Amino acid sequence: MRTFIFIVLSAIFYLSFFARGLYFEKDLYGVQILIYITFIVLSLRLIIKKEKTSAIYFSFIFVIPLMYLLSITYAEFPLGSIHQAFKWLTYSMFFILLFWSTYSNEKLKKWLPYIFQLTGLSISIHMYLNVLGIIESPSAFIFNRFSSVLQYPNTFAMVIGVFFLYSLVLLTKEKLNTRDIIIYSAPLTIYVYMLFGTLSRGMFIVLPLVLIIALALRNISNQALMLVIFVSASLYTVLDFLIPMNTVLKIIALLSFSTLTVIVTFYTKKFTSKSNLLQRNKLIYSFILPIIMLVSGILLILDLLFKGAVYRILPTTAQELVDRLNESSTLRERFLFIQDSFELSKQSPVIGFGGEGFTVLYYNVQQLPYRSKRIHNEFMEILVDLGWLGIILFIAVFSLLFVFLYKNMKSSSEKTIHIAVFLSLLQILLHSLLDFNMHYAISWFIVFWLLTISFSQDKFWTEIKVIQFFEQHFKLKKITFHVMSLIAFIAIFINFNFISAEQSFAHFKQTGAIESIENSVRKNPFKRQYLFEYGKVLHSINDNEIDNVIQKLIKLEPNNSITLEMVAYLFELQKKYDEALEYYEEALSLDRYNTNLYVKVSSLQLETGTQENIEKVPRLFEQFETIYKEFQKNPIGEAHNSREFNLSDDIIINVAKAYFMLENYEILSNLLNYPIDEEDTFVELISLIELSKPNKETKELINSLIEENDLERKEIKVKKNKLKNQLQKQN
């Protein structure tokens, strides 16, 4: 059974990378079901055979999925909490299953690093085939940056960085046979090439930093070995950057330099092990090279940032690359995410907002109109999701795992494996301060695969006092184990329902079948898009059930401006303009940078035709202008305007109609000073002003604008008549 479970988990680990890294929930549902079933089988085995296993000692990791399950009761985004709870249930069970299958099986545990290396090499070759044009995978390149199967360059860089670092450190192992030297050194050349191709600034900072720490943890001979191997593995990348090559030459060069790296590794290991100069073991000597590299690295970064001596001697192509990397808007945006998420967390500091709370609430606190579903910082993500209570428990869980790892690293006669695991995990954690890597399921699979390599290799971690405590309370841990199996059983049915809902929704999109959208809503009532589409269908067939759908939407995510906008739209479809206006206004109060909402609110205020609502339009315009002017004054505002917050023509024409209906003609003519993009809007504005019987000065201005913009008088006359009739109806 251990072998079977190990094969299943290995297949999941390997294939998950080729399913976009399991970033999207719909890709993860099937994997979750498979892991839950496997875990339940293991739990039944332990009950039937009354088997005692060390895997139960890791039951404390279930604290994390339990926190997300509890957050469903107060979540601002219930589906996000459900997804996060199921994900963490999956990660926890993956780890326990992998540990159980390998801990007592010497043959299986030996396969762990080889499968790990095979996976890294496979995704690198996949990307390389895209580079050569042999295959064309979707989104393998994002703005000419390598993104491979993950379809995101920064996370691809982090993942490749882990494979590279793990292999490089493992090559410093004292007793390493020829087969292992080949397995771990040959892929380094393509790993370096992949890393360079991602152009990930975060990894260009994190990886060198972790490499310096790696050097500090090794003796002088191993430091020399790592540097020589690194230089050898980088030669192909330098050659490819400087010299254009065709496909055949690229492949020959890659294979040649990979072979060279193997040979260099083999003979450098022999030399460094025999050199008396490199065998000095005093601690002070181990820090000389890392300190030199750290200082040199800082000086190099400063030189490139301020275009110093090194920058000026670089080839033009290299300078262009440095200039591209120096572009600061994305880095600055990361700080905006963190500042806004911290501000958001203050509103619920203890327990947070539930899973993926930032996704639905960031509009309410954002300083600038950027668009982002992620904070790009895993720890801030947890803080917003689960509050300080959650992040403290999260840190406690992983601190305990790192204590186990440290115990192995300290006590083992062969420390290299544990050091390689520690450094790889450190790199993941550091890079996750800069990006949303951990939203990819494969990132956590990597974390737990590496921990299993360490914990199954040596058993020194079992000597820690906390393990002895666990042994004394073994029954409690066993109960936790079986309770989680029961939760997994329930989760299986929910995941099947979610899969069915996805399939039905896809069928509905193709055919418009009412039965399909009804099934989607029934199987997954937590997804707002299903409810919204169902509401539109019910309106089209005049079904009164639409009111129940609207109420479900309101209760589902009452503080999500997107959901409130959906509610308002459904009311608008039914011509319930007062209710629609109420929810559009509420949505706008939560999302001040939504240009479309200003248009919607002002349009409905005019549509109702009441004096009170018409008077609100100029006030709304003043509110918009205040926010817009504040935005324009911000020197970095436009660089972070992915939501395209702007003074739209529709806003101008709506306030123009309001001024006309309120007979505020003097202010109406002032609107000619505002920039207008569309000719039709400009004609409409001029027509309104002419209807208001403007003074001589305004008439002259209008005539000059008509001539300047080559407008037809006949067109303006037609527009005036249409507007006159329209405004009379509204009044």
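In this text, all values refer to a predicted model and were calculated from it rather than measured experimentally. (Residues numbered from 1 in each chain as written. Predicted model: local features only at pLDDT ≥ 70, side-chain atom pairs only at ≥ 80, totals over all residues. Heavy atoms only, no water.)

### Re a negative patch on the surface
Line of reasoning, step 1. Taken together, the side chains of Asp-578, Glu-579, Glu-582 and Glu-586 present a region of like negative charge at the surface.
Line of reasoning, step 2. For Glu-579, a relative accessible area of 31% corresponds to the partly exposed category. (Patch = residues over 30% accessible without salt bridge, like charges linked within 9 Å, V, L, I, M, F, W, Y side chains within 5 Å. Areas by Shrake-Rupley, 256 points an atom, 1.4 Å probe, with all protein chains shown as cover. Salt bridge = Lys/Arg side-chain N within 4 Å of Asp/Glu carboxyl O. Lys, Arg positive; Asp, Glu negative; His and termini not counted. Charge placed at Lys NZ, Arg CZ, Asp CG, Glu CD. Buried < 20%, exposed > 50% of the residue type's maximum accessible area, 1.4 Å probe, protein only.)

### Here's the deal with helix H1 (residues 2-16)
Line of reasoning, step 1. Compared with the 21 Å implied by 1.5 Å per residue over 15 residues, the 21 Å span of H1 between its first and last C-alpha is a close match.
Line of reasoning, step 2. Ile-5, Phe-6, Val-8, Leu-9, Ser-10, Ile-12, Phe-13 and Ser-16 are the residues of H1 that are buried. (Helix = DSSP H or I, 4+ residues; strand = E, 2+ residues; numbered from the N terminus. Expected span 1.5 Å × (residues − 1).)

### Concerning the environment of Lys-270
Line of reasoning, step 1. When you line up the elements, Lys-270 lands in helix H11 (residues 247-274).
Line of reasoning, step 2. Overall, Lys-270 belongs to the partly exposed group, its relative accessible area being 43%.
Line of reasoning, step 3. Remark: the alpha-carbon pair of Lys-270 and Leu-225, spanning 45 residues in sequence, is separated by 9.8 Å.

### Section: the packing of aromatic side chains
Line of reasoning, step 1. A full pass over the atoms with the stated rule returns 68 aromatic pairs.
Line of reasoning, step 2. Ring centres 5.7 Å apart and planes at 75° place the aromatic pair Tyr-128 and Tyr-193 in the edge-to-face group. One end of the pair, Tyr-128, is in helix H5 (residues 106-132); the other, Tyr-193, is in helix H8 (residues 188-198), with 65 residues separating them in the sequence.
Line of reasoning, step 3. Centroid distance Phe-394 to Trp-444: 6.2 Å. Interplanar angle 80°. Geometry classified as edge-to-face. With Phe-394 in helix H17 (residues 378-411) and Trp-444 in helix H19 (residues 441-457), the pair connects residues that are 50 residues apart, well separated along the chain.
Line of reasoning, step 4. Residue class for Phe-394 comes out buried when judged on its relative accessible area of 5%.
Line of reasoning, step 5. Note on Trp-444: relative accessible area 3%, which makes it buried.
Line of reasoning, step 6. One cation-aromatic arrangement involves Arg-2 over Trp-100; the distance from NZ or CZ to the ring centre is 4.2 Å. (Phe/Tyr/Trp six-rings, centres within 6.5 Å; stacked < 30°, edge-to-face > 60°. Lys NZ or Arg CZ within 6 Å of the ring centre and 35° of its normal.)

### Things to note about the packing of helix H9 (residues 201-216) against helix H18 (residues 416-431)
A pair of packed helices can be characterised by two numbers: the angle between their axes and the separation between those axes.
Line of reasoning, step 1. Relative orientation of the contacting elements H9 and H18 amounts to 150°, with a least axis distance of 10 Å. Crossing angle aside, the handedness with which H9 passes H18 is right-handed. Mapping the contact onto sequence places Gly-202, Met-203, Val-206, Leu-207, Leu-209, Val-210, Ile-213 and Ala-214 in H9 and Leu-423, Leu-426, Gln-427, Leu-430 and His-431 in H18. (Axes fitted to C-alpha atoms, helices over the stretch in contact; angles between N-to-C directions. Left-handed = near helix turned anticlockwise from the far one by under 90°. Contact = heavy atoms within 4.5 Å.)

### Considerations on the layout of surface pockets
With a probe scaled to a water molecule rolled over the atoms, the places where space remains empty come into view.
Line of reasoning, step 1. Here the second largest pocket is characterised by a volume of approximately 930 Å³.
Line of reasoning, step 2. Within the residue set of the lining of the second largest pocket, elements represented by two or more residues are helix H2 (25-49), helix H4 (78-103), helix H16 (357-361), helix H21 (474-511), helix H23 (528-540) and helix H25 (561-573).
Line of reasoning, step 3. Grouping the constituent residues of the lining of the second largest pocket by class yields 17 nonpolar, 8 polar and 11 charged. (1 Å grid on protein atoms, 1.4 Å probe; cavity = no way out; pocket = protein on both sides within 12 Å on 5 of 7 lines; lining within 4 Å. Points joined across faces, edges and corners; volume = space filled by probe spheres on them. Nonpolar A, V, L, I, M, F, W, Y, C, P; charged D, E, K, R; others polar.)

### Some points on the environment of Leu-647
Line of reasoning, step 1. Its location among the elements puts Leu-647 in the loop between helix H28 (611-633) and helix H29 (649-661).
Line of reasoning, step 2. Under the relative-accessibility criterion, Leu-647 is labelled buried at 13%.
Line of reasoning, step 3. Placed 119 residues apart in sequence, Leu-647 and Arg-528 show a C-alpha to C-alpha distance of 29 Å.
Line of reasoning, step 4. Among residues more than four places away in sequence, those in contact with Leu-647 are Phe-621, Phe-624, Tyr-628, Ile-652 and Tyr-674.

### Some remarks on H25
Line of reasoning, step 1. Here H25 spans 18 Å end to end across 13 residues, near enough to the 18 Å set by a 1.5 Å rise per residue.
Line of reasoning, step 2. Turning to H25, its buried residues are Ser-561, Thr-563, Leu-564, Glu-565, Met-566, Val-567, Ala-568, Leu-570 and Phe-571.
Line of reasoning, step 3. On its buried side, H25 packs onto H23, helix H24 (546-556), helix H26 (577-590) and helix H27 (595-608).
Line of reasoning, step 4. The opening residue of H25, the one whose side-chain oxygen lies 3.1 Å from the backbone nitrogen of Ile-562, is Asn-560.
Line of reasoning, step 5. Positive phi appears at Lys-575, one or two residues downstream of H25, with a value of about 65°. (Polar contact = N/O pair within 3.5 Å; in protein donor to acceptor, adjacent residues only side chain to side chain.)

### Quick notes on the pattern of salt bridges
Line of reasoning, step 1. Tallying each qualifying case throughout the model produces 17 salt bridges.
Line of reasoning, step 2. A salt bridge links Glu-343 to Lys-346, with the nearest nitrogen and oxygen atoms 3.5 Å apart.
Line of reasoning, step 3. On the basis of relative accessible area, Glu-343 is assigned to the partly exposed category, the value being 41%.
Line of reasoning, step 4. Across the salt bridge formed by Glu-533 and Lys-509, the nearest N and O atoms sit 3.7 Å from each other. Highlighted residues: Glu-533 in helix H23 and Lys-509 in helix H21, separated in sequence by 24 residues.
Line of reasoning, step 5. A relative accessible area of 9% places Glu-533 in the buried class.
Line of reasoning, step 6. Judged by relative accessible area, which is 52%, Lys-509 ranks as exposed.
Line of reasoning, step 7. Among the charged side chains, a salt-bridge network with shared partners connects Lys-509, Glu-533 and Lys-536.

### Some details on empty space enclosed by the protein
Line of reasoning, step 1. If you walk through the whole model with that rule in mind, you get 3 cavities of 30 Å³ or more.
Line of reasoning, step 2. There is about 80 Å³ of room inside the largest cavity.
Line of reasoning, step 3. If you trace the largest cavity, you find it lined by Tyr-68, Gln-84, Lys-87, Trp-88, Tyr-91, Glu-378, Glu-381, Asp-385, Met-438, His-439 and Trp-444.
Line of reasoning, step 4. Within the residue set of the lining of the largest cavity, elements represented by two or more residues are H4 and H17.
Line of reasoning, step 5. Considering each element in turn, the lining of the largest cavity owes the most residues, 4 residues, to H4.
Line of reasoning, step 6. A class-by-class count of the residues in the lining of the largest cavity yields 5 nonpolar, 2 polar and 4 charged.

### Notes on unusual backbone geometry
Line of reasoning, step 1. Phi at Ser-148 is positive, roughly 55°, even though this residue is not glycine.
Line of reasoning, step 2. Structurally, the position occupied by Ser-148 is in the loop between strand E2 (145-146) and helix H6 (153-170).

### Here's the deal with the nonpolar core
Generally speaking, nonpolar side chains in soluble globular proteins are found buried as a group.
Line of reasoning, step 1. In this structure, Phe-58, Phe-398, Leu-401, Phe-445, Phe-448, Trp-449 and Phe-455 are the most contacted members of the largest nonpolar core, which totals 226 residues.
Line of reasoning, step 2. In terms of residue count, the dominant contributor to this core is H4 (16 residues).
Line of reasoning, step 3. When sequence neighbours within four positions are dropped, the list of residues in contact with Leu-401 reads Phe-58, Phe-60, Ile-61, Phe-95, Phe-448, Leu-451 and Phe-455. (Core = buried A, V, L, I, M, F, W, Y, C linked by side-chain atoms within 4.5 Å.)

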